[in-house]
Amino acid sequence: MSIIFAKSVAGRRGVRPPNSDVPAAAGLPPDYLRQTEPALCELSELDTVRHFTELSRRNFGLDSGFYPLGSCTMKYNPKILEKVAALPGFANLHPLLPQLRQGGMLAQGALRVLHDLEQWLAELTGMAGYTLQPLAGAHGELTGMMIVAAYHRDRGNRKAEVLIPDEAHGTNPSSAAIAGYTTLPVATDPKTGMLDLQELKAKIGPNTAAVMLTNPNTLGIFNTHIREVAEIAHRHDAQVYYDGANFNAVMGRFRPGDAGVDVMHLNLHKTFATPHGSGGPGAGPVGVAAHLVDFLPISRVVKRQDNTFILDYDYPKSIGYIAPFYGNFAVCLKACAYIMLLGADGLREVSEQAVLNANYLMQRLKDSYDLPFDRTCMHEFVLSAKRQEKQHGIRALDIAKGLIDRGFHPPTVYFPLIVPEALMIEPTETESKETLDRFVAAMRELAETAAADPESLRQAPKSTPVGRPDEVRAAREMDVCHPA
Amino acid sequence: MSFIANTPEQIREMLQVCGVTAVDELFRDIPDDLKVAGMNLPQGRSEQEIHAFFEDVARRNYSGLTNFLGGGFYDHYVPAAVDALAGRSEFYTAYTPYQPELSQGTLQAIYEYQTQICRLTGLEVANASLYDGGTALYEACQMAIAASRKRHRIVMDSGVNPVYRKMLISYTANLSIDFAEAPVAHGQSDRQALFELLDDNTAAVILQNPNFFGAVDNHRDIVEHCHRRGTLVVQSVYPIALAMLKSPGEIGVDIATGEGQSLGMPLSFGGPYLGFMACRRELARRLPGRIAGRTRDQHGREAFVLTLQAREQHIRRQKATSNICTNQALCALRAHIYLSLLGRRGLGEVARLCRDKAEYAKQRLAAIPGVEVKTSSPTFNEFTIKLPISAEEFASRMVERGIAPGFPLGHYYTELENYLLVAATEKRTKYEIGIFAENTEAVLCR
Amino acid sequence: MLPTDRKYTKSHEWIKIEADGTATIGITDYAQGELGDITFVELPEVGERKPAGEVCAEVESVKAASDIYAPVSGLVAAVNEDLDGSPELVNQSPFEQGWLLRLSEVDASAADQLLDAAAYEATLREAE
């Protein structure tokens, strides 16, 4: 379809602002004015509506079909959450209002939402305190590692290294590095799929500032030794960072705080059903154990004895401001509403169904594909297309593209890095058995097609508006802006 | 309320396939002593109850005040089509466009958004967006330091939004970056003070236009001076004002960033917002975050992909210069829809309305005894006044009268206790401005 | 066949001592094959000093970014500016037109310690 700028017609108008009801101001001196108007489009409102409607048809959302993208928790996003976030009392609230004198009283509803959500996340995870400011999961990781750094600085510790399992998401090492640390990988035990404790013991030392852990990890395996990992870390005054990206597996079943975790983040856009928005906005709240509460970012929401809420800035050890205000408020609001919709029992049921759906899929697919870690999984599992690659030259990517032609969004491919030809599958709790069965049928048929007609898979997808794009050409030519 | 589809009968069948009799067995890897007994959380409720509950909670917010509060976050009108189009679930329920064949809508929208940002800023390359204006400014500092290869000092104009300056200091607490801040000048940037702070280790100077006090500037001379010293210039800009003011590209700025909330995002008590970022082509490979590029598929058809991914954390891991994973795609989409709906002339009209209303408010307030307009240089839609009483005190009394009169600067600048930052947008009417002026007079002359 | 007029490293760089005493550095055919289509090469500035074993360049493909290490220490005397517009030269001609940079003030005897063509080839066979 053509680009929006090609649809522009000189002189055409879209939305018109009102006529002015005040006298026109004297113009600014020419030295301050831009010489040429920005070359924006000139379209009617209908032109614009049709353009974006057409774009939307060239997209696949969770509402369009099954989206088993591993590690992303593509669960249903209840429509009521959107309706709540759009209430004018929230949508029109200026973030600077609470900074007026006694301004907290002007935003009691919003502060209550923030306060309650912090309390509930703390209860779910066993942490002592939360900040809702981090604007995404990776932002949460960075905030958490900044808290770790502030803690060590406060104790006079000079520590330079962070240990991270080799299966970890790439944001873990990059967040640690941006918080000022060098990182060291720790191998995964090929038999258990868990962090190799012996190697952890060998690598940890007085220079270790933190150990970062995802649990269940990116292989979908729960690390049974998490308490031992924490004990080893604490012996060296290292902090344990828990990446809560996979928390959907364990709600009501496991609380990181109980196992000795010091700092963690959650992804509201994964576990708490706020929509992913094609890549954002999300939210990555950070929870900390009691000894780290003083380091949380400011401001913090405090409930007073008379049940009113205020923002408190008086935390001298705080790492300071990491976002302009109180986080992605509308995202936090949706997560708050989600928790209230489901309640304690509903959230526990979420994890039960997420884990059951994943184990069911794993059992039904493990004959058609290699399963490097054949054991009970949590909310996701990792298959390998190594067999298809060796025997027929069909790679995980070809399986993914074949799934597109069969009406499914593909799983995450080539991650975690330690599994060759990885297909990482996370069905989530909101999918029905019928959907899972259709997916099983498609995956099995693809395994057969890989043997019988591999060429057809190399040409996939054929049902989409475009086929596989030439990524090398994109990177070399760097056409990233439509020429005027 | 539950969103689980499987019936008890189906659950039994599935457990059987898994070779277990109860779902508890699937959680056997969690050690017994770590199992959770119960949670102190509310009981679930119906959708109807939840809606009623939050309607009530929302009513406890003073969202209906007549708003002259800005400070970088403005009460602009959002056309209905923005919500209608960005509310299509093909956009808002999709993940990051990892599978380009299923995400051409998002990818083309990002490419078009990047083009809109390039055209607004007058620069050559833009990314797919960042979290907000403050984190964008931090990323720009990191980018400038990486581009300079060896320099570690950043010089900041104190006209940059104080919230952003505080954020930069938090982010760099553990890094070897040295910050210097030029003294406050409520008008335009203090050239002499800025230039004295430059040294051979300065990677970038950070400016804002209009600055936090509302002053409009032409930073060309600063850019030229910095470039002679091998220092890059980062400028934080207000996108609505770009329809009228000198663009970063026109004056030679290297990296432009800004808060895109004004382009179709509701205020929503602080987010989600939109950080935009653009730069000169030479710096493109250091740009953080996602970037969409145009290419072709194997049949020669035009196609869009995420490109230059080798810069990103999932490939570079600990060597990445930014840990940014995604963008604020839905917010970028809203900005793109907003700019498309308003178009070339519409955005210019919004900008003129903002300025005309602010100038009118300035005149009305200046006529009140005891009120002094402090911004000596030209302003766009925001200006500083000095009051005969504490601005905080004044604001409290105005709120009682249903008006959020502006932002008391004493909150960030202790020496400016009586100063108030007043903003107007196209939404403020002559009548509202009149009421504002009359109430100001009543409060001050009581 | 690997050129025998130069030395190799285990991390797949090659180094050739020229008649004027400078050393030309590039990556091997094996390395470019592993990286796939190269989309960008970041080169150091002329005049920078590079100790042996330090990153002296970076090669990017669509899905990878690889550091290139200086096999010996020296002063960057020249970089291959053709790679700016044509990074594919590294794929097409890794040993000739696709060279990356040239170092001066190198200790030629340090290069002697590196692998010769046969020894490098043996490490490749081992890796398989």
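Quantities reported herein were computed from a predicted structural model and do not represent experimental measurements. (Residues numbered from 1 in each chain as written. Chains lettered and ligands numbered in written order. Predicted model: local features only at pLDDT ≥ 70, side-chain atom pairs only at ≥ 80, totals over all residues.)

1. A closer look at the overall build of chain B
Keep this limit in mind: Starting at the N terminus, helices and strands are each numbered in turn, a helix being any DSSP run of H or I of at least four residues and a strand any DSSP run of E of at least two. Backbone-placed C-beta atoms define the burial measure: a residue is buried with 20 or more other C-beta atoms within 10 Å of its own, exposed with 12 or fewer, and partly exposed in between.
Helix and strand counts for chain B stand at 13 helices and 15 strands. The buried share among the 446 residues of chain B stands at 62%.

2. Description of the overall build of chain A
For the record, the criterion: Every radius of gyration here is taken over C-alpha atoms, with the globule rule written as 2.2 Å times N^0.38, N being the number of residues.
The number of helices and strands found in chain A is 15 helices and 12 strands. Its C-alpha radius of gyration of 25 Å places chain A within 12% of the 23 Å reference for a compact globule of 484 residues. By its C-alpha atoms, chain A is 75 × 60 × 45 Å across when sized along the principal axes.

3. Some points on helix H1 (residues 45–57) of chain A
Here is the rule: To estimate how far a helix should reach, multiply one less than its number of residues by 1.5 Å. By the criterion used throughout, residues are in contact when their C-beta atoms, derived from the backbone, lie within 7 Å.
The terminal C-alpha atoms of H1 of chain A lie 19 Å apart, and with 13 residues this matches the ideal 18 Å at 1.5 Å per residue to within 8%. Looking at H1 of chain A, one finds that the buried residues are Asp47, Thr48, His51, Phe52, Leu55 and Ser56 of chain A. Those residues of H1 of chain A that are buried lie in contact with helix H3 (80–86), helix H4 (89–92), helix H5 (104–121) and helix H11 (329–366) of chain B.

4. Side note on the interface of chain A and chain B
Convention followed: Lys, Arg, Asp and Glu make up the charged group, whereas Ala, Val, Leu, Ile, Met, Phe, Trp, Tyr, Cys and Pro make up the nonpolar group; the residues left over, Gly among them, are polar.
Across the contact, 171 residues belong to chain A and 168 residues belong to chain B. Per-element accounting of the side of chain A that touches chain B gives the leading share, 21 residues, to helix H10 (residues 329–365) of chain A. Grouping the constituent residues of the side of chain A that touches chain B by class yields 93 nonpolar, 46 polar and 32 charged.

5. Considerations on the interface of chain B and chain C
On the side of chain C, seven residues touch chain B, which itself brings five residues to the contact. When the residues that make up the side of chain B that touches chain C are grouped by side-chain class, the tally is two nonpolar, one polar and two charged.

6. Some thoughts on the domain arrangement of chain B
Residues and elements named next belong to chain B. Condition: Domain delimitation follows an automatic or database domain assignment.
Looking at chain B, the domain boundaries give domain 1 (66–76 + 346–444) and domain 2 (80–337). Placing a centre on the C-alpha atoms of domain 1 and another on those of domain 2 gives a separation of 28 Å. Domain 1 puts 24 residues into the contact, and the matching count from domain 2 is 22 residues. Breaking the side of domain 1 that touches domain 2 down by element, the ones donating at least two residues are H11 and strand S12 (382–386). Tallying contributions element by element places H11 first for the side of domain 1 that touches domain 2, with six residues. Its residues assigned to classes, the side of domain 1 that touches domain 2 comprises 12 nonpolar, eight polar and four charged.

7. A word on the domain arrangement of chain A
One widely used convention gives an interface's size as the accessible area the parts lose upon coming together. Residue and element names in this part refer to chain A. On domain assignment, one finds that chain A holds domain 1 (82–340) and domain 2 (344–458). One C-alpha centre belongs to domain 1, the other to domain 2; they are set 30 Å apart. Contacts between domain 1 and domain 2 engage 18 residues on the former and 18 residues on the latter. A per-class count over the side of domain 1 that touches domain 2 returns eight nonpolar, seven polar and three charged.

8. What about the nonpolar core?
We apply this condition: Each nonpolar core reported here comprises buried Ala, Val, Leu, Ile, Met, Phe, Trp, Tyr and Cys residues connected via C-beta atoms within 7 Å.
In this structure, Ile147, Tyr241, Cys332 and Leu423 of chain A are the most contacted members of the largest nonpolar core, which totals 317 residues. The leading source of residues in this core is H10 of chain A, at 24 residues. When residues no more than four places from it in sequence are discounted, the contact partners of Cys332 of chain A are Val113, Leu114, Leu117, Leu132, Leu268, Ala283 and Gly327 of chain A. Judged by nonpolar contacts, the second largest core, of 26 residues, contains Val41, Leu83, Leu100 and Val106 of chain C.

9. With respect to the packing of H1 of chain A against H5 of chain B
As a reminder of what qualifies: To obtain each axis, a line is fitted to C-alpha atoms, and for helices this fit is confined to the stretch in contact; angles are then taken between N-to-C directions over 0 to 180 degrees. Should an angle fall under 35 degrees it is called roughly parallel, over 145 degrees roughly antiparallel, and 65 to 115 degrees roughly perpendicular, with every other angle called oblique.
Orientation of H1 of chain A relative to H5 of chain B, taken along the N-to-C sense of each, is 135°, at an axis distance of 6 Å. Classified by the interaxial angle, the pair formed by H1 of chain A and H5 of chain B is oblique. Between H1 of chain A and H5 of chain B, the residues in contact are Leu55, Ser56 and Arg57 of chain A and Gly105, Gln108 and Ala109 of chain B, respectively. Of the residues belonging to the contact of H1 of chain A with H5 of chain B, the class tally is two nonpolar, three polar and one charged.

10. So, the pairing of strand S10 (residues 302–306) of chain B
All names here are of chain B. Where we set the bar: Two strands form a pair only when DSSP identifies at least two bridges running between them.
Taking burial as the measure, the five residues of S10 include four buried ones, the bulk of the element. Note: strand S9 (residues 292–296) against S10, five bridges, orientation antiparallel. From the neighbouring strand, Gly293 faces S10, where its bridge partner is Val305. What sits between the antiparallel neighbours S9 and S10 is a turn of five residues, in which Gly300 has the positive phi angle 85°.

11. Focus: the environment of Thr326 of chain B
The topology assignment puts Thr326 of chain B in the loop between helix H10 (313–316) and H11. Given 25 C-beta atoms within 10 Å, Thr326 of chain B falls into the buried group. Between the C-alpha atoms of Thr326 of chain B and His152 of chain B, which are 174 residues apart in sequence, the distance is 27 Å. Those residues within four positions of Thr326 of chain B in sequence are excluded, and the remaining contacts are Ala136, Gly279 and Gly280 of chain A together with Thr96 and Arg290 of chain B.

12. A few points about the sheet that holds S12 of chain B
Residues and elements named next belong to chain B. Taken in spatial order, the four strands line up as S11-S12-S15-S14 in an open sheet, and their pairing is antiparallel. Every interior strand has two partners, whereas the edge strands, strand S11 (372–373) and strand S14 (407–408), have only one. Pairing of S12 with strand S15 (residues 419–423), which is carried by five bridges, proceeds in the antiparallel orientation. Each bridged residue has a counterpart across the sheet, and for Ile385 the counterpart in S15 is Leu420. Sitting on the sheet, H11 is in contact with S11, S12 and S15, with an inclination near 10° to S12.

13. Focus: unusual backbone geometry
Cis geometry is found at the peptide bond from Asn215 of chain A to Pro216 of chain A, where omega equals -5°. In this structure, Pro216 of chain A sits in the loop between strand S4 (208–214) and helix H8 (226–235). Of the consecutive residues Phe415 of chain A and Pro416 of chain A, the connecting peptide bond is found in the cis state with omega at -5°. Tracing the chain through its elements places Pro416 of chain A in the loop between strand S11 (412–413) and strand S12 (422–425). Here Glu105 of chain C, not a glycine, exhibits a phi torsion of approximately 55°, which is positive. Positionally, Glu105 of chain C belongs in the loop between strand S9 (101–104) and helix H3 (108–112). According to the C-beta neighbour criterion, Glu105 of chain C is exposed, with 12 such atoms within 10 Å.

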